[in-house]
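Each chain, written out:
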2 protein chains.
Amino acid sequence: MTSRKVRLSDVADAAGTSAKTVSRVANGDHRVSIETRQRVQDEIDRLGYQVDLMARSLRKGVDETVGVVVPTIGDPFFATMVEEIEGIALQQSLSVFVAGGSRNPGIEQMVVERMLARRVAGLIIAPFMTDFAFLASANTPVVFLDRHASGLDADVVLVDDFAESKRVVHHLASHGHSRIALIVDDLAVETSRRRREGYRAAHHELGLVIDEGLEFHECINANVAEQRTWEIFSQPEVPTAIFSSRAETSLGVVKAQHHGNRTDIALVSFGDFEAADILSPAVTVLDHDPRVLARIAIERLIVLMRGDEARPPRETIVPLHLIKRGSGELIPHAMAVSV
Amino acid sequence: MTSRKVRLSDVADAAGTSAKTVSRVANGDHRVSIETRQRVQDEIDRLGYQVDLMARSLRKGVDETVGVVVPTIGDPFFATMVEEIEGIALQQSLSVFVAGGSRNPGIEQMVVERMLARRVAGLIIAPFMTDFAFLASANTPVVFLDRHASGLDADVVLVDDFAESKRVVHHLASHGHSRIALIVDDLAVETSRRRREGYRAAHHELGLVIDEGLEFHECINANVAEQRTWEIFSQPEVPTAIFSSRAETSLGVVKAQHHGNRTDIALVSFGDFEAADILSPAVTVLDHDPRVLARIAIERLIVLMRGDEARPPRETIVPLHLIKRGSGELIPHAMAVSV
DNA sequence: AAGCTTCATGTCAACGATTACCTAGGCGAA
DNA sequence: TTCGCCTAGGTAATCGTTGACATGAAGCTT
């Protein structure tokens, strides 16, 4: 049976009222008498009427939907964010559009524009490196996640990459390390840049020499990080510690460490990951929990969408905890010997 | 500047033509003279016109969008699927709606209905346990992923859970194991049920005793699996091998093994996971790659959406590879001693 | 009892794009 | 020359829902 779509007017005919009345019942408008409401509701149930969300959105001018844009959906960090956002959105009966920017500014801008063309009610964006100035003219509420948007002053939820990274280096130094390698993603990404700045600032504060040969840039994924870690092992003077500035790269680092039998090198990861506490030594991490960030972001977005108050954009900084599991508390081999 | 939305008619006015002509240009219809086309295109660019996808969808009756429903978006297995689907959809300029069913039939049905109300052009569903009979009347093309849909005969892409599981048990038995524990999710889920059936069938074929005390059901996540694994350790006669029938539960199992110092117990995981080849022993897995399944599903869905041929529903079975990394090739302690 | 509210409903247009259909030239063929 | 057909372009209706506004009946006030 080719069940034609049931429209408001179909229900109206069946119930002997006007479409408007059915609309009122369907939307819980109280200006309908009990009897009429009951009669209409019965027909709605009987015919299995469902609003056509396309028509509704066209009429209303916005779609009850939030658009979520992340660099890569498959990354557990972002996947968890999406899950959290979707869960909360669902409670508000908001739908969720998800798009990956593919770590590519062109694609990133395109998917955001597509969402605008869909008239999403709000956007949550974990930006990669697009310039978001073009978003200023669309008056769609937007919250940025994990990084600032370049070119646009908007709400943002993030961590203090600079300070937290500094803390990691101080932690390692307090265990006697002075040659600390840095594994970092593309420096064009704000997050990476600020983590490196924190790493360097700590060196200054501690009076340690900054050796550019210890900084490994462009570690865009676990594989590259693994390669760089092997390079670390073969340096003339092997670093005694590694600061991996992203959870994904940490996976590459530990892979190299375990396969290369160099688990004596201390490691701290910016961001927790699944296996971190199973390995031996278990990996010390900065607990960069995506759920916390995501929750704050969607909750703020919902406030913005209600759109009552026109507050100025606000920045929320989530503090992190250092989870000491062992790998970050190893002392340098030389010291161990001398003790 | 409150940049009012630019409509077809605005462009038409600016270019001195009718809205219809602008629509033709925007949609690449060839029945427009070169000069007119150029003039219109210039105005489109100048004014920054973008189609209103809501209006388009309302008029056309469908939205150029695919809906993806998975039990949990955060699970790396499903997150990777979503990533793969989204990437391919993007190339066809399809948008993607994602929703998590929260491992809850009620919610699962609700999110699917919402997608129908949005008039999605197609659906990809990794079903949990909803009865999908209600989908039959909507004539929206749908492809099921990873499991059959109960109540509906539709295209499906999956693996042979029964045969693959049997293979795992045979593999372990060939290394001398006869007490093999099973870690399995809720048996109400088809996948879990068939994996257990495979486990049992192999026991029959091998003439091994089936000890229900070795089957641990309801391992719905890594935490529960970890608990059950601890129980395994404390059994009077400890099993010499474990078959973990889902990647997520395997994480719990290895966690218990490493913390409990029982890495001597053999382990095979149905599904690969990030840390599997870093641990020692590295974990032997059935390589259940979500990308392969997802790719086949979205490609099939795209064919269905074009909707030319009305082929009968088809089932695609993806064969798996057993990746022997060590943990599945351990021999029972007793044998090791006697050797 | 006229006048003012309130309430339950209904009417109509509009949201922005597209589809189905129409028009006015222009050109070649018979 | 006239008919037929193609081309570039236009007109009006429509997709399904909702907002603005209108209506008639009933209730309350003074």
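Parameters and conventions
- Residues numbered from 1 in each chain as written.
- Chains lettered and ligands numbered in written order.
- Predicted model: local features only at pLDDT ≥ 70, side-chain atom pairs only at ≥ 80, totals over all residues.
- Heavy atoms only, no water.
- Domains from an automatic or database assignment.
- Contact = heavy atoms within 4.5 Å.
- Buried area = accessible area lost by both parts, 1.4 Å probe.
- Salt bridge = Lys/Arg side-chain N within 4 Å of Asp/Glu carboxyl O.
- Polar contact = N/O pair within 3.5 Å; in protein donor to acceptor, adjacent residues only side chain to side chain.
- Nonpolar A, V, L, I, M, F, W, Y, C, P; charged D, E, K, R; others polar.
- Helix = DSSP H or I, 4+ residues; strand = E, 2+ residues; numbered from the N terminus.
- Expected span 1.5 Å × (residues − 1).
- Buried < 20%, exposed > 50% of the residue type's maximum accessible area, 1.4 Å probe, protein only.
- Arc of directions from axis to C-beta.
- Near = heavy atom within 4 Å.

Trainee: Just to check I follow, could you spell out the domain arrangement of chain A for this structure?
Mentor: How big an interface is tends to be expressed through the accessible area that disappears when the partners come together. Segmenting chain A into domains produces domain 1 (8-51), domain 2 (62-159 + 291-308) and domain 3 (161-287 + 322-338). The C-alpha-based centres of domain 1 of chain A and domain 2 of chain A are spaced at 36 Å.

Trainee: Help me out: how do you make sense of the interface of chain A and chain B in this one?
Mentor: With 49 residues of chain A in contact, the opposing surface of chain B contributes 49 residues. Summed over both partners, the interface of chain A with chain B buries about 4500 Å², with 60% contributed by carbon and sulfur atoms. Scanning the region where chain A abuts chain B turns up six salt bridges. For B:Arg118, the salt bridge goes to A:Asp63, with nearest N and O atoms at 2.2 Å. Joining chain A to chain B, the criterion identifies 21 residue pairs in polar contact (both at pLDDT 80 or more). Of the residues contributing to the side of chain A that touches chain B, the split by class is 22 nonpolar, 14 polar and 13 charged.

Trainee: I keep staring at helix 3 (residues 34-47) of chain B and nothing clicks. Help me out?
Mentor: One turn of the α-helix equals 3.6 residues, which is why residues spaced by three or four share an orientation. Residue and element names in this part refer to chain B. In a regular helix each residue adds 1.5 Å, so 14 residues correspond to 20 Å; helix 3 covers 20 Å between its end C-alpha atoms and thus fits that length. Residues of helix 3 that are buried include every one of Thr-36, Val-40, Glu-43 and Ile-44, and no others. All buried residues of helix 3 project into a common sector of 105° when viewed along the axis, lining one side. Residues of helix 3 that are exposed and point more than 90 degrees away from the buried face comprise Ile-34, Glu-35, Asp-45 and Arg-46. Buried positions along helix 3 lie against helix 1 (8-15) and helix 2 (19-26). Positive phi appears at Gly-48, one or two residues downstream of helix 3, with a value of about 70°.

Trainee: Help me understand the protein's contact with DNA strand C in this model?
Mentor: Taken together, 25 residues lie near DNA strand C, and A:Thr21, A:Thr36, B:Lys20, B:Tyr49 and B:Arg59 sit nearest. For DNA strand C, the backbone portion of the atoms within 4 Å of the protein, that is sugar and phosphate, comes to 61%. Contact between DNA strand C and A:Thr36: a phosphate oxygen at 2.3 Å from a side-chain N or O atom of the residue. Taking A:Arg59, its main chain carries an N or O atom lying 3.5 Å from a base oxygen of DNA strand C. Of all the secondary-structure elements, those providing two or more residues to the surface near DNA strand C are helix 2 (19-26) and helix 4 (53-60) of chain A together with helix 2 and helix 4 (53-60) of chain B.

Trainee: Would you mind going over the protein's contact with DNA strand D with me for this structure?
Mentor: The immediate surroundings of DNA strand D are formed by 24 residues, with A:Tyr49, A:Arg56, A:Arg59, B:Thr21 and B:Thr36 found nearest. By atom count, sugar and phosphate contribute 65% of the portion of DNA strand D lying within 4 Å of the protein. Between a phosphate oxygen of DNA strand D and a side-chain N or O atom of A:Arg7, the distance comes to 3.5 Å. Contact between DNA strand D and B:Ser18: a phosphate oxygen at 2.8 Å from a side-chain N or O atom of the residue. Mapped by element, the contributors of at least two residues to the surface near DNA strand D are helix 2 and helix 4 of chain A together with helix 2 and helix 4 of chain B. Counting residues per element, the surface near DNA strand D draws most heavily on helix 4 of chain A, which supplies four residues. Class assignment for the residues of the surface near DNA strand D results in six nonpolar, seven polar and 11 charged.

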